[in-house]
Amino acid sequence: MLEASRLFALHRRRHEVRSRLETLTPREREVLRLVISGLSSQVIVQRLGTSVKTIDVHRARTTSKTESESLATPVRDVLQNQITV
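Just so it is clear, the model here is predicted, and its values are computed rather than measured.

Definitions and cut-offs
Residues numbered from 1 in each chain as written. Predicted model: local features only at pLDDT ≥ 70, side-chain atom pairs only at ≥ 80, totals over all residues. Heavy atoms only, no water. Salt bridge = Lys/Arg side-chain N within 4 Å of Asp/Glu carboxyl O. Helix = DSSP H or I, 4+ residues; strand = E, 2+ residues; numbered from the N terminus. Buried < 20%, exposed > 50% of the residue type's maximum accessible area, 1.4 Å probe, protein only. Core = buried A, V, L, I, M, F, W, Y, C linked by side-chain atoms within 4.5 Å. Contact = heavy atoms within 4.5 Å. Axes fitted to C-alpha atoms, helices over the stretch in contact; angles between N-to-C directions. Parallel < 35°, antiparallel > 145°, perpendicular 65-115°, else oblique. Nonpolar A, V, L, I, M, F, W, Y, C, P; charged D, E, K, R; others polar.

1. As for the pattern of salt bridges
Reasoning step 1: Taken as a whole and assessed by the stated rule, the structure comprises seven salt bridges.
Reasoning step 2: In this structure, Arg13 and Glu16 form a salt bridge, with 3.5 Å as the shortest nitrogen-oxygen distance. Taken as a pair, Arg13 and Glu16 lie in helix 1 (residues 2-21) at a separation of three residues, close to a single helical turn.
Reasoning step 3: Residue Arg13 is classed as partly exposed on the basis of its relative accessible area, which comes to 27%.
Reasoning step 4: On the basis of relative accessibility, which here comes to 34%, the residue Glu16 falls in the partly exposed class.
Reasoning step 5: The salt bridge involving Glu28 is made with Lys65; its shortest N-O contact spans 2.9 Å. Remark: Lys65 occurs in helix 4 (residues 52-65) and Glu28 occurs in helix 2 (residues 26-36); sequence separation between them is 37 residues.

This is the structure we're talking about:
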């Protein structure tokens, strides 16, 4: 019974994380993927050919849309739950 309860909780958590990620625009998802891969904002700016301010906006919106206190939370959630962004 404990195992089933644990699996259900894991499934529910993954569903919650996926639901929050679905609110992101394609560009916000792309920025999140690059952050997860360990790139700094400066490198992301160069890679995407945009401004630092634009990347900062994408990061802030990702934090807001995922109802997180910081960008580290969705990064952690994606990695812990092995979710593809």
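2. A short note on the nonpolar core
Reasoning step 1: Counting 16 residues, the largest nonpolar core has Leu21, Val31, Leu32, Val35, Ile44, Leu48 and Ile55 as the members making the most contacts within it.
Reasoning step 2: For this core, the secondary structure elements donating two or more residues are helix 1, helix 2, helix 3 (41-48) and helix 5 (72-80).
Reasoning step 3: In terms of residue count, helix 2 provides more of this core than any other element does, four residues in total.
Reasoning step 4: Setting aside its immediate chain neighbours within four residues, Leu32 contacts Leu21, Leu24, Thr62, Leu71, Val75 and Val85.

3. With respect to the packing of helix 2 against helix 5
Reasoning step 1: At their nearest, the axes of helix 2 and helix 5 sit 10 Å apart, and the two run at 75 degrees to each other. Relative to helix 5, the element helix 2 lies roughly perpendicular. Where helix 2 abuts helix 5, its residues Leu32, Val35 and Ile36 lie against Val75, Val78 and Leu79.
Reasoning step 2: Here the residues of the contact of helix 2 with helix 5 are counted per class, giving six nonpolar, no polar and no charged.

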